[in-house]
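Structure assessment
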Amino acid sequence: MRYRENASVDTSSVRDLRGRGGRLGGGRGIAVGGGGLGLVGLVVIVLFQLIGGGSSGTGAALGGLAGLGAGETADNQALEASCRNGGDANTSVDCAVAADIESIQDFWSRSLGSRYQPTDTVYFSGSVQTRCGGATSGSGPFYCPADQLVYIDLNFFDQLQEQFGAEGGLFVNAYVIAHEYGHHVQNLLGTNQQVDPGETGPTSGTVRLELQADCYAGAWADHAETVPDDSGEPLIAEISDDDIARALDAAGRIGDDFIQENLGGGTVNQDAFTHGSSEQRQHWFTAGYQTGDPAQCDTFAAGDLG
């Protein structure tokens, strides 16, 4: 994956809380996981629902309350100074993710028009408080419907390679972020209201929600090289076949079956699925990428999820 060298990078959709104590908002809700990306997330969802989580979404749910006003501790000065153009994005994960966010939101603004409302991504380190409750880095990236923000500890990308064995790369990182913004789109369109919190299983609404977010990520990827930024030129210059292969490799390593068998107890229990199998995740990302059409991502109407 390569960004246009002289393209400007807009960091205004990032709230950088790293090293700032990371507290945002208050209240409670259920955070939507970015792909069942951590073993912690798969466990905490059950605990949170047993103590009476909200119904604004489903996925890697996170308990705990409290917080300051949204954005009170964010400080983007260092990010703004270091992320000036696409050249910086080509060499810095911090800047690359900011560029991904810009491209993804430009895509959805063009696709949905006034129905799309841009939102921010929170960079945090270690732990963070949200309107969905408290989270740690071990929970993986997630989207909180209650405050409509995406949250990520960027060290997760290292974990994805070191713990999950993924090949990694800038486009794999972009896939993860695009999946989270897929959850934001679902929230705006009311799709997550179709899902009962706590529902699990290979064809559950929870799994359908996650697979649709994968498909949305693929749809963005198909258009990423042509989505114009404010200058009218694409921010992303190239996505190669190798990038797509790496994304499919990552999708395969964050399937419920792979996690249960390789990072859990060694036994696959389909009744506990919350994000879909490796094959399903690869199938729906590919469906989005091959069609480039979010309308083809209706996992809720699909009889066969792949």
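Structure first, text after, so check above.
What comes next is a walk through the structure. (Residues numbered from 1 in each chain as written. Predicted model: local features only at pLDDT ≥ 70, side-chain atom pairs only at ≥ 80, totals over all residues. Heavy atoms only, no water.)

What to know about the nonpolar core
- With 64 residues, the main nonpolar core has F171 and W220 as its most contacted residues.
- Every element with two or more residues in this core is listed here: α4 (93–112), β8 (149–152), α5 (156–162), α6 (170–189), α7 (205–223), α8 (241–253) and α10 (278–291).
- Of all the elements, α4 adds the most residues to this core, at 10 residues.
- Ignoring sequence-local partners within four residues, the contact set of F171 consists of M1, W220, A221, I239, D243, I244, A247 and F285.
- Core analysis: the next-biggest nonpolar cluster, separate from the first, contains 10 residues, V128, A135, F142 and C144 among them. (Core = buried A, V, L, I, M, F, W, Y, C linked by side-chain atoms within 4.5 Å. Buried < 20%, exposed > 50% of the residue type's maximum accessible area, 1.4 Å probe, protein only. Helix = DSSP H or I, 4+ residues; strand = E, 2+ residues; numbered from the N terminus. Contact = heavy atoms within 4.5 Å.)

Notes on the pairing of strand β6 (residues 133–136)
- Judged from the four bridges that link them, strand β5 (residues 127–130) and β6 form a sheet pairing that is antiparallel. If you follow T130 over to β6, its bridge partner there is G133.
- Linkage of β5 to β6, two consecutive antiparallel strands, is achieved through a turn of two residues. (Pairing = 2+ DSSP bridges.)

Observations concerning the packing of α4 against α7
- Taken N-terminus to C-terminus, the directions of α4 and α7 make an angle of 95°; their axes are 10 Å apart at the nearest point. Between α4 and α7, the interaxial angle falls into the category roughly perpendicular. Of the residues in α7, those in contact with S103, I104, F107 and W108 of α4 are Y216, A219, W220 and H223.
- Partitioning the contact of α4 with α7 into residue classes produces six nonpolar, two polar and no charged. (Axes fitted to C-alpha atoms, helices over the stretch in contact; angles between N-to-C directions. Parallel < 35°, antiparallel > 145°, perpendicular 65-115°, else oblique. Nonpolar A, V, L, I, M, F, W, Y, C, P; charged D, E, K, R; others polar.)

Quick notes on the pattern of salt bridges
- According to the stated counting rule, one finds nine salt bridges in the structure shown.
- Across the pair D242 and R246 runs a salt bridge, and its minimum N-O distance is 2.9 Å. Here the residue D242 and the residue R246 both occupy positions in helix α8, the gap between them amounting to four residues, near one helical turn.
- According to the relative accessible area criterion, D242 is partly exposed, its value standing at 43%. (Salt bridge = Lys/Arg side-chain N within 4 Å of Asp/Glu carboxyl O.)

Some words on the pairing of β8
- The alternating pattern of β8 places L149 and Y151 on one face and V150 and I152 on the opposite face, and all of these are buried.
- Two elements, strand β4 (residues 121–123) and β8, share three bridges in a ladder whose sense is parallel. From the neighbouring strand, Y123 faces β8, where its bridge partner is I152.
- Hairpin remark: strand β7 (residues 142–144) followed by β8, antiparallel, with four residues in the connecting loop; positive phi at Q148, about 55°.

Details of the packing of aromatic side chains
- Applying the stated criterion across every chain, the model contains seven aromatic pairs.
- Aromatic pair F171 and W220: ring centres 6.2 Å apart, planes at 15°, arrangement stacked. Taken together, the residues F171 in helix α6 and W220 in helix α7 connect sequence positions 49 residues apart.
- Each residue in the set F107, W108 and Y216 is aromatic and connected to the rest through ring pairs, giving one cluster. (Phe/Tyr/Trp six-rings, centres within 6.5 Å; stacked < 30°, edge-to-face > 60°.)

Quick notes on the state of the cysteines
- Counted by the stated rule, this structure contains three disulfides.
- Here C132 is linked by a disulfide to C144, with a sulfur-sulfur distance of 2.1 Å. Across the S-S bond linking C132 and C144, the dihedral sits near 95°, which makes this disulfide right-handed. Taken as a pair, C132 in the loop between β5 and β6 and C144 in strand β7 lie far apart in primary sequence, 12 residues in all.
- With a sulfur-sulfur separation of 2.1 Å, C215 is cross-linked through a disulfide to C297. (Disulfide = S-S within 2.5 Å.)

As for unusual backbone geometry
- A positive phi angle is found at Q148, which is not glycine, with a value near 55°.
- Locating Q148 in the fold gives a position in the loop between β7 and β8.

Considering the packing of α4 against α6
- Packing of α4 against α6 leaves a shortest axis separation of 9 Å and a crossing angle of 40°. It follows from the interaxial angle that α4 and α6 lie oblique. The element α4 and its partner α6 pack so that their crossing is right-handed. Taken together, the residues of α6 that come into contact with α4 (itself represented by V93, A96, V97, D100, I101, I104, Q105, W108 and L112) are L170, N173, A174, I177, A178, Y181 and V185.
- Considered class by class, the residues forming the contact of α4 with α6 number 13 nonpolar, two polar and one charged. (Left-handed = near helix turned anticlockwise from the far one by under 90°.)

Purely spatial values, then, with no claim about function.
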